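What the coordinates show
As a plain string of letters, each chain reads:
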Amino acid sequence: MRVVFMGTAEFASKTLQALVSAGYDVMYAVSQPDKSKNRGKKILETPVKQKAVELGIAVLQPENIKGNVEFFDILKECNPDMIVVAAYGRILTEDILNLPKYGCVNVHASLLPRHRGAAPIQWAIYSGDKVTGVTIMQMAKGMDTGDMLSKVETEIGNKTSEELFEELGEAGAKLLIKTMEDIEKGKVIPEKQDEALATMAPMISKDDGRIDWGKSSCQIERMIRAFYPWPGTYTFMGDKQMKILEAKVDTPKGDEVETSAEHKDAVPGRIVSADKEGMKVETGDGILSVDMIQMPGKKKMKVQDYLRGNKIEIFTVLG
């Protein structure tokens, strides 16, 4: 089967490797353009480009797809049987969707129709989902609205986004190969998505990482795992930004903030202790125990290690 692969992120590079290992004829790897760092002094190649070069696959990096006649002509000349998409970050045009014999197939890191969009892994954790997974989807017009071809799921537990990206990248790559084999054999039965169950997982920005201490302890703890390693979660201690990397809930009451009698005089964000047990901070419904932090210009460290050479004033209010 002739395949054109489209992907950008590290999650997608695992899928590209799986296609090659399974013996598919990957004619091109299409990725977003490389980005510059430090005002253009260093160019960062996308993970998919790096993997494609390693595998000896030609790379295309169009600035845009819509109205790009030259890019479409290249795809048309390839005459691919299938276009496989994973974490590419661009919406395909209708003429591209209709080009391959078997259409365009997407490896999406959620259990559709839940968490359509750019950041499904992060929002699954943040939303408090018990399970997540990968859906192989027949692509159509719209944001992740196509028919579902296969699924695999996993428990979220206390995993971070970083851990789930690794796990789902491997699981999605394996599921894709099995699904492609079944497509060729005519064994796949497409399933329509239930629009009533659809939720969105929009792109995340740096600003999304700032902690609102008025939220419940459970919500903040999930946020820390969801946004690790990027954009990270942070707060301010005075004028210094404090990144919070690990924490646990001292008073698990769920998502709804219900202030108990003993918590009525609490101030969300107020530090009530900082010692070898960590830094305890009041939230909208109780206490969050912060274990790992990172201050400006310093490496990440346990709170107890930070306190050996630094001071955290009790009753300081983080914000």
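Let me begin by describing the structure that accompanies this report. (Residues numbered from 1 in each chain as written. Predicted model: local features only at pLDDT ≥ 70, side-chain atom pairs only at ≥ 80, totals over all residues. Heavy atoms only, no water.)

**Focus: the overall build of the protein**
Threshold: Secondary structure elements follow DSSP: runs of H or I of four or more residues count as helices, runs of E of two or more count as strands, with numbering from the N terminus. Here's how the labels work: a residue is buried when its accessible area is under 20% of the maximum for its type, exposed when over 50%, partly exposed in between, all with a 1.4 Å probe on protein chains only. His residues and chain termini do not enter the charge count, which takes Lys and Arg as positive and Asp and Glu as negative. One atom stands in for each charge, and that atom is NZ of Lys, CZ of Arg, CG of Asp or CD of Glu.
Within the protein, the regular secondary structure consists of eight helices and 15 strands. In terms of principal-axis extent, the alpha carbons of the protein reach across some 65 × 45 × 35 Å. Taking all 319 residues of the protein together, the buried fraction comes to 49%. In the protein, which carries 43 positive and 47 negative side-chain charges, the distance between the mean positions of the two groups comes to 4 Å.

**Quick notes on unusual backbone geometry**
Along the chain, Leu112 connects to Pro113 via a cis peptide bond; the corresponding omega equals 10°. Within the fold, Pro113 resides in the loop between β7 (104-108) and α5 (120-126). A cis amide bond links Tyr228 with the next residue in sequence, Pro229, at an omega value of 10°. A positive phi angle, near 50°, is found at Asn79, a position not held by glycine. Checked against the element boundaries, Asn79 lands in the loop between α3 (69-78) and β6 (82-86). In this model, Asp144 sits at a positive phi of 55°, which is unusual for a non-glycine residue. In this structure, Asp144 sits in the loop between β8 (131-138) and β9 (148-155). What makes Asp144 buried here is its relative accessible area of 12%.

**A word on the pattern of salt bridges**
The condition that has to hold: By salt bridge we mean one thing: a side-chain nitrogen of Lys or Arg within 4 Å of a carboxyl oxygen of Asp or Glu.
By the definition in use, this model includes 20 salt bridges. For Lys159, the salt bridge goes to Glu167, with nearest N and O atoms at 2.9 Å. Classification of Lys159 by relative accessible area gives partly exposed; the value is 22%. What makes Glu167 partly exposed here is its relative accessible area of 29%. Linking Lys280 and Asp250 is a salt bridge whose minimum nitrogen-to-oxygen distance equals 2.9 Å. In this pair, Lys280 is assigned in strand β13 (residues 278-282) and Asp250 in the loop between β11 (240-249) and β12 (271-275), connecting sequence segments 30 residues apart. Look at Asp250 and you get partly exposed, because its relative accessible area is 33%.

**A short note on the nonpolar core**
Heads up, the condition is: By nonpolar core is meant a set of buried Ala, Val, Leu, Ile, Met, Phe, Trp, Tyr and Cys residues that side-chain atoms within 4.5 Å join together. Throughout, a residue-residue contact means that at least one pair of heavy atoms, one from each residue, lies within 4.5 Å.
Grouped together as the largest cluster of nonpolar side chains are 63 residues, with contacts concentrated most on Phe5, Leu19, Met279 and Val290. Once residues lying within four places of it in the same chain are set aside, the contact partners of Met279 are Met242, Ile271, Ser273, Ala274, Leu288, Ser289, Val290, Val303, Ile312 and Leu318.

**Here's the deal with helix α7 (residues 217-226)**
For α7, a buried count of 10 out of 10 residues is recorded, marking the element as mostly surrounded by other parts of the structure. Restricting attention to buried positions, one finds in α7 the residues Ser217, Cys218, Gln219, Ile220, Glu221, Arg222, Met223, Ile224, Arg225 and Ala226. Close packing links the buried residues of α7 with α5, α6 (161-184), β10 (233-237), β11 and β14 (287-294).

**What to know about a nonpolar patch on the surface**
Under the convention used in this document: Residues with no salt bridge and a relative accessible area higher than 30% make up the patches, which join like charges within 9 Å and nonpolar side chains (Val, Leu, Ile, Met, Phe, Trp, Tyr) within 5 Å. Methods summary: accessible areas were calculated by the Shrake-Rupley approach with a probe of 1.4 Å, and residue burial reflects only the protein chains presented.
A cluster of nonpolar side chains, Ile91, Met143 and Met200, forms an exposed patch at the surface whose accessible area comes to about 320 Å². Mapped onto the elements, Ile91 comes out in the loop between β6 and α4 (94-97). What makes Ile91 exposed here is its relative accessible area of 60%.

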